[in-house]
Amino acid sequence: MLINQFLLLGAALFALGVYGVLSRRNAVLVLLSVELMLAAVNINLVVFDIALGDTLAGGQIFALFVIAIAAAEVGIGLAIVLLIYRNRHSANVDELDLMKL
Amino acid sequence: MPLIALTAGDWFGQVENWVFLVIALVMLVGSFRVVTSPNVVHAVLALVAALAASAALFLLLGAEFVAWTVVLVYIGAVVVLFLFGIMITRAPLGHETALSHPFRVRAGAALVSGALFLLIGGALLDAFSGQRIEEPATATRTADIGQSMFERFVIPFEVVSVVLLAALIGGIVLARRDPESTVAGEGSR
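The rules behind these values
Residues numbered from 1 in each chain as written. Chains lettered and ligands numbered in written order. Predicted model: local features only at pLDDT ≥ 70, side-chain atom pairs only at ≥ 80, totals over all residues. Helix = DSSP H or I, 4+ residues; strand = E, 2+ residues; numbered from the N terminus. Rg over C-alpha atoms; globule rule 2.2 N^0.38 Å. Buried ≥ 20, exposed ≤ 12 C-beta atoms within 10 Å, placed from the backbone. Contact = placed C-beta atoms within 7 Å. Nonpolar A, V, L, I, M, F, W, Y, C, P; charged D, E, K, R; others polar. Expected span 1.5 Å × (residues − 1). Axes fitted to C-alpha atoms, helices over the stretch in contact; angles between N-to-C directions. Parallel < 35°, antiparallel > 145°, perpendicular 65-115°, else oblique. Left-handed = near helix turned anticlockwise from the far one by under 90°. Core = buried A, V, L, I, M, F, W, Y, C linked by C-beta atoms within 7 Å. pLDDT = per-residue confidence, 0-100.

Peer 1: Please explain the overall build of chain A as it appears in this structure.
Peer 2: Of the regular secondary structure elements, chain A holds three helices and zero strands. Ordered by position in the sequence, the α and β elements of chain A form the string α-α-α. Its C-alpha atoms give chain A a radius of gyration of 17 Å, more than 25% over the compact-globule value 13 Å for 101 residues. By principal-axis analysis of the C-alpha atoms, chain A measures approximately 50 × 25 × 20 Å. A burial count over chain A gives 57% of its 101 residues as buried.

Following this line, the structure appears as structure tokens:
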């Protein structure tokens, strides 16, 4: 197996996540695209860990940390989206222009 | 790492590369549906497919503990949380084009992400071309991961537990309805 086949897959996943963040209008779907980007990062961490043969398994452990932080991020993010929905009756990111001059 | 020329015939001769191609196809189609699907629930289910494919990729690489953690935490918990979020915010469930920005913005987004992919891909081809991963003889033992995490990485581990506690409390505080405002402004929910 080549290293690049995994890294290019991770890059494609990250690019799709960036596309989703920029093109989605609904805040929940923006968070969903952020999850895709984090999954791409996890792939890179694990692939480099295996490729370098780390005896401490540092890449895998950092992937686990990324997963834990992602879970916390989704919880907080959805709570914020819920709060915005409750106050503004909309979860569309282009309608949240309260701080625009 | 030794630079060994690898022909296409060699590459396709290895059975794990065929497994990789199947996984990559599922992952790319799934993640494409996540960012383009006109239906919110379908987008979340496509995310399940993409994350399951990434778990399969970790299994292919012998990172078993990470693979099952992805299944448990992402597919088990995060996706359910997303489905709850969709239900609570009453995102339009039918076919709705308004889930995405208009075509002009989407074209710009496609341009940006395509340029990003070309940039990263070019850098990767430049840096890691021809380098191979040795076939992992055995899977990474979960005991080794635990040993490393609780010896070398114990402080980050504790910090992550504090972060999770903060997220738990923050989520409750943010999402909870204020008792007085419920009584006073009942009509404005």
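Peer 1: Is there a simple way to explain the overall build of chain B in this structure?
Peer 2: Counting secondary structure elements, chain B contains eight helices and zero strands. Ordering the α and β elements of chain B from the N terminus gives α-α-α-α-α-α-α-α. Within the span of chain B, comprising 189 residues, buried residues form 23% of the whole. Long-range pairs, those at least 24 residues apart, make up 61% of the contacts in chain B with a sequence separation of at least 6.

Peer 1: When you look at the interface of chain B and chain A in this model, what are you seeing that I'm missing?
Peer 2: Interface size is often expressed as the accessible area that is lost when the parts come together. Facing the 78 residues of chain B at the interface are 59 residues of chain A. Among the elements of the structure, helix H2 (15-36), helix H3 (40-60), helix H4 (64-88), helix H5 (103-128), helix H6 (142-151) and helix H7 (154-175) of chain B are those that each provide at least two residues to the side of chain B that touches chain A. Residues of the side of chain B that touches chain A, tallied by class, amount to 54 nonpolar, 19 polar and five charged.

Peer 1: Just to check I follow, could you spell out helix H3 (residues 58-88) of chain A for this structure?
Peer 2: Residues lying three or four places apart along an α-helix face the same way, a consequence of the helix completing one turn every 3.6 residues. A rise of 1.5 Å per residue sets the reference length of H3 of chain A, with its 31 residues, at 45 Å; its end C-alpha atoms lie 44 Å apart and thus fit the reference within 8%. Positive backbone phi, approximately 60 degrees, marks histidine 89 of chain A, located one or two places after H3 of chain A.

Peer 1: Teacher, can you tell me more about the packing of helix H2 (residues 27-52) of chain A against H3 of chain A here?
Peer 2: Each packed pair of helices is defined by two parameters, the angle between the axes and the distance between the axes. All names here are of chain A. Direction vectors running N to C along H2 and H3 enclose 175 degrees, while the axes themselves pass 9 Å from each other. Here H2 lies roughly antiparallel to H3, going by the angle between them. Residues Ala27, Val28, Leu31, Glu35, Leu38, Val41, Asn42, Leu45, Val46, Phe48 and Asp49 of H2 lie in contact with H3, whose contacting residues are Gly58, Gly59, Gln60, Phe62, Ala63, Val66, Ile67, Ala70, Val74, Gly77, Leu78 and Val81. Within the contact of H2 with H3, the residues separate by chemical class into 16 nonpolar, five polar and two charged.

Peer 1: Would you take a moment to explain the packing of helix H1 (residues 3-23) of chain A against H5 of chain B for this structure?
Peer 2: In the contact formed by H1 of chain A and H5 of chain B, the axes pass within 8 Å of each other and the chain directions differ by 160 degrees. In terms of their interaxial angle, H1 of chain A and H5 of chain B are classed as roughly antiparallel. Where H1 of chain A crosses over H5 of chain B, the handedness of that crossing is right-handed. For the contact of H1 of chain A with H5 of chain B, the residue count by class is 20 nonpolar, five polar and one charged.

Peer 1: Just checking my understanding: could you explain the nonpolar core for this structure?
Peer 2: Within soluble globular proteins, side chains that are nonpolar tend to cluster in buried spots. In terms of nonpolar packing, the biggest core is built from 72 residues, with Leu13, Val28 and Val46 of chain A touching the most fellow members. The element contributing the most residues to this core is H2 of chain A, with 16 residues.

Peer 1: Would you explain the confidence of the model for chain B in this entry?
Peer 2: Interpretation of this model should avoid reading the predicted coordinates in detail wherever pLDDT is low. Residue and element names in this part refer to chain B. Mean pLDDT over chain B: 85, with 85% of residues reaching 70 or higher. Segment residues 184-189: pLDDT under 50, and zero contacts once partners within four positions in sequence are set aside and those in other chains are kept. The ipTM assigned to the predicted complex is 0.90, against a pTM of 0.87.

Peer 1: Explain H1 of chain A to me, please; I cannot follow it from the model alone.
Peer 2: Between the first and last C-alpha of H1 of chain A there are 30 Å, a value that for 21 residues agrees with the 30 Å anticipated at 1.5 Å per step. For H1 of chain A, the buried fraction is high: 19 of the 21 residues fall into the buried class.

Peer 1: Is there a simple way to think about the environment of leucine 16 of chain A in this case?
Peer 2: Looking at where leucine 16 of chain A falls in the secondary structure, it is placed in helix H1. Ignoring any residue separated from it by four or fewer positions in sequence, one finds leucine 16 of chain A in contact with Leu36 of chain A together with Ser31, Phe32, Val35 and Ser113 of chain B.

Peer 1: For this particular structure, what's the right way to read the environment of leucine 32 of chain A?
Peer 2: Considering the arrangement of structural elements, one finds leucine 32 of chain A in helix H2. In this structure, the C-alpha to C-alpha distance between leucine 32 of chain A and leucine 13 of chain A, residues 19 residues apart in sequence, is 13 Å.

Peer 1: Would you mind showing me how to read the environment of isoleucine 133 of chain B here?
Peer 2: Along the chain, isoleucine 133 of chain B turns up in the loop between H5 and H6. Looking at isoleucine 133 of chain B, the number of C-beta atoms within 10 Å reads 20, which means it is buried. Among all residues touching isoleucine 133 of chain B, those that are not within four sequence positions of it are Met1, Ile3, Ile50 and Ala51 of chain A.

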